[in-house]
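# Per-entry structural report
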Amino acid sequence: MRYILLSFFLITLMFTSCKQNHTSEVVNVVSPEEMKTLLELEDIQLIDVRTAQEYSEGHIDNAQNIDYFSETFEADIAKLDKNKPVIVYCKSGNRSAKCAKKMEEAGFVKIYDLDGGISKWRHEGNTITQN
């Protein structure tokens, strides 16, 4: 059953990726629904690139906070596994798109960018964790 679900997801992703504006084959913009499937099926690094204050007000479960505006941002990103898929998100998608581009330049092999950020995630009824 898991393989059928994964196959269905990958076929859906192939058809929808033609409509999306992603910068390369490494970076894919995904909907909240697609992200939930990815989190269930793959071992993924989930990165919240908002500020620590924004993160403390609510974040997606199991997300690691790496502030895009931090002086240590590039060093923190470099500590991640470049060969393991990563999902990045922010509030609306602007910072995460910039982060995805930097990660691609740094050699990450598979990057997913959450379309609409945590705002769209919440709007579609998905839960968040608060500190």
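Coordinates for the structure precede this section.
This part takes up the packing of aromatic side chains. By the definition in use, this model includes two aromatic pairs. Note on Tyr 68 and Phe 73: the rings are 5.0 Å apart at their centroids and 65 degrees apart in plane angle, and the pair reads as edge-to-face. The same class applies to Tyr 68 and to Phe 73, which are both buried. In this structure an aromatic cluster arises from ring pairing among Tyr 68, Phe 69 and Phe 73.

Let us look at unusual backbone geometry. In this model, Asn 62 sits at a positive phi of 70 degrees, which is unusual for a non-glycine residue. By the element assignment, Asn 62 lies in the loop between α3 (52-56) and β3 (64-65). Judged by its relative accessible area of 69%, Asn 62 falls in the exposed class.

With that settled, consider the sheet that holds strand β5 (residues 111-114). The five strands lie next to each other as β1-β5-β4-β2-β3, forming an open sheet whose pairing is parallel. Taken across any chain shown, the strands that pair with only one partner, and hence form the sheet edges, are β1 (27-30) and β3. Here strand β2 (residues 45-48) runs beside strand β4 (residues 86-89); their pairing, made up of four bridges, is parallel. Directly across from Gln 45, in β4, lies its bridge partner Val 86. Along the sheet, helix α2 (residues 32-41) contacts β1, β2, β4 and β5; its crossing angle with β1, the most-contacted strand, is approximately 115 degrees.

Under the 1.5 Å per step criterion, the end-to-end length of helix α5 (residues 94-105) is 17 Å for 12 residues, consistent within 8% with the ideal 16 Å. All buried positions along α5 are accounted for by Arg 95, Ser 96, Cys 99, Ala 100 and Met 103. All buried residues of α5 fall inside an arc of 135 degrees around its axis, so they share one side. In this fold, the buried residues of α5 make contact with β1, α3, α4 (73-78), β4 and β5. One or two steps after α5, the chain reaches Gly 107, where phi turns positive at roughly 100 degrees.

Let's shift gears to the pairing of β1. Burial along β1 is two-sided: the face carrying Val 27 and Val 29 and the face carrying Asn 28 and Val 30 are both buried. Direction of pairing for β1 relative to β5: parallel, over a ladder of four bridges. Paired with Val 29 across the strands is Asp 113, a residue of β5.

Bringing the nonpolar core into the picture now. If you look at the biggest cluster of nonpolar residues, it comprises 16 residues, and the most contacted ones within it are Ile 77, Val 88, Cys 99, Met 103 and Ile 111. Elements with a contribution of two residues or more to this core: α4, β4 and α5. Per element, the largest residue contribution to this core is three residues, and it comes from α5. Residues within four places of Ile 111 in sequence aside, it is in contact with Val 26, Val 27, Asn 28, Val 86, Val 88, Ala 100, Met 103 and Glu 104. Membership of the second largest hydrophobic core comes to 14 residues, among which are Ile 44, Leu 46, Ala 63 and Tyr 112.

The rules behind each value
Residues numbered from 1 in each chain as written. Predicted model: local features only at pLDDT ≥ 70, side-chain atom pairs only at ≥ 80, totals over all residues. Heavy atoms only, no water. Phe/Tyr/Trp six-rings, centres within 6.5 Å; stacked < 30°, edge-to-face > 60°. Buried < 20%, exposed > 50% of the residue type's maximum accessible area, 1.4 Å probe, protein only. Helix = DSSP H or I, 4+ residues; strand = E, 2+ residues; numbered from the N terminus. Pairing = 2+ DSSP bridges. Contact = heavy atoms within 4.5 Å. Axes fitted to C-alpha atoms, helices over the stretch in contact; angles between N-to-C directions. Expected span 1.5 Å × (residues − 1). Arc of directions from axis to C-beta. Core = buried A, V, L, I, M, F, W, Y, C linked by side-chain atoms within 4.5 Å.

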